[in-house]
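# Fold and contact review
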Amino acid sequence: MAPVATSALALAGVALSAFPGAGAEMLLKVMGQSGKIMFYDSSESESSGITVTMDALKEVDSQGNEVGKSGSVKHSINSFASQSFTIEAKESGVDIGTATADRVNFTSSVGSNTETVGQLMVETYLMTENGTVGTDTESWDVDVGDLKWNIAFPEWKFCAPCGAGNNAETGAF
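These notes cover the structure that comes with them.

Each value, and the rule that gives it
Residues numbered from 1 in each chain as written. Predicted model: local features only at pLDDT ≥ 70, side-chain atom pairs only at ≥ 80, totals over all residues. Heavy atoms only, no water. Disulfide = S-S within 2.5 Å. Buried < 20%, exposed > 50% of the residue type's maximum accessible area, 1.4 Å probe, protein only. Salt bridge = Lys/Arg side-chain N within 4 Å of Asp/Glu carboxyl O. Helix = DSSP H or I, 4+ residues; strand = E, 2+ residues; numbered from the N terminus. Phe/Tyr/Trp six-rings, centres within 6.5 Å; stacked < 30°, edge-to-face > 60°. Core = buried A, V, L, I, M, F, W, Y, C linked by side-chain atoms within 4.5 Å. Pairing = 2+ DSSP bridges. Lys, Arg positive; Asp, Glu negative; His and termini not counted. Polar contact = N/O pair within 3.5 Å; in protein donor to acceptor, adjacent residues only side chain to side chain.

### Things to note about the state of the cysteines
On inspection of all chains with the given rule, the structure shows 1 disulfide. Two residues share a disulfide in this structure: C159 and C162, whose sulfurs sit 2.1 Å from each other. The sign of the S-S torsion, about -85°, decides the handedness of the disulfide formed by C159 and C162: left-handed. Judged by relative accessible area, which is 18%, C162 ranks as buried.

The following block contains the structure:
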């Protein structure tokens, strides 16, 4: 799939991408460099939609304490406002569980300009046919027009450990 854009800054001038929805079209609007994405029905106002906000991402140890926050390569994103994303072209007719959907993937590298610790991927699905979706342990019914997100880390180098001596930290989640 070819990327639609490669950074939040480049997306600031791109108003909307259309997804076929239940009645009219479901529209996706990337809200500049804010870490926010809005979804709404084209037959209604933007205020009738939903806004997804990505605030921060932190690698933690088995006790829930943040790790990898010192040194030249950080294992966190303190604000998505300045984070660059690649937004892939929409894929139609994607099978998810027993449903069918349109999918758009958002990906972003985590780390520094010279060394990354991994990649964050947000898979966004807009259901185009009813069905059942879920995880390994639960499932639920979806209808045409429902949205579903998967957040994945297709690549990640956990602190194993980061730092040395008494400052060594080992990431778990």
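Anyway, onward from the coordinates.
### Describing the pattern of salt bridges
Between side chains of opposite charge, pairing is possible as soon as their charged atoms come close. Under the criterion given, the structure shown has 1 salt bridge. Note that R103 is salt-bridged to E91, the shortest N-O span being 2.6 Å. You can see R103 sitting in strand β10 (residues 99–111) and its partner E91 sitting in strand β9 (residues 91–96), a full 12 residues away along the chain.

### As for the packing of aromatic side chains
This model, assessed by the stated rule, comprises 3 aromatic pairs. Relative to W156, the ring of F153 has its centre 5.4 Å away and its plane inclined at 75°; by these criteria the two rings are edge-to-face. Three or more aromatic residues joined by ring pairs make a cluster, and in this case those are F153, W156 and F158.

### Quick look at the nonpolar core
In terms of nonpolar packing, the biggest core is built from 19 residues, with I37, M54, F80, F85 and F106 touching the most fellow members. Per element, the largest residue contribution to this core is 4 residues, and it comes from strand β11 (residues 116–129). Of all hydrophobic cores here, the second largest spans 8 residues; its members include V94, A101, Y125 and V142.

### Comments concerning the pairing of β9
Two strands pair when backbone bridges link them, and β9 and β10 are joined in this way by 4 bridges, in the antiparallel orientation. Paired with I96 across the two strands is A99, which belongs to β10. In textbook terms, the turn of a hairpin is the stretch between consecutive antiparallel strands, and for β9 and β10 this stretch comprises 2 residues, one of which, G97, has a positive phi near 60°.

### Quick notes on the side chain of E169
Position of E169 among the secondary structure elements: in the segment after β14 (147–156). Here E169 sits buried without a salt bridge, and the closest side chain of opposite charge, K69, lies 5.7 Å off (N-O distance). Within the structure, E169 has its side chain in polar contact with the backbone nitrogen of G68 (distance 2.9 Å).

### Quick word on the pairing of β10
In terms of residue burial, β10 counts as a mostly covered element, since 11 of its 13 residues are buried. Pairing geometry for strand β8 (residues 86–88) and β10, over 2 bridges, is antiparallel. The partner of T86 across the bridge, within β10, is T107. Sheet topology note: the β10/β11 ladder contains 12 bridges and is antiparallel. Bridging across to β11, S108 finds its partner in L120.

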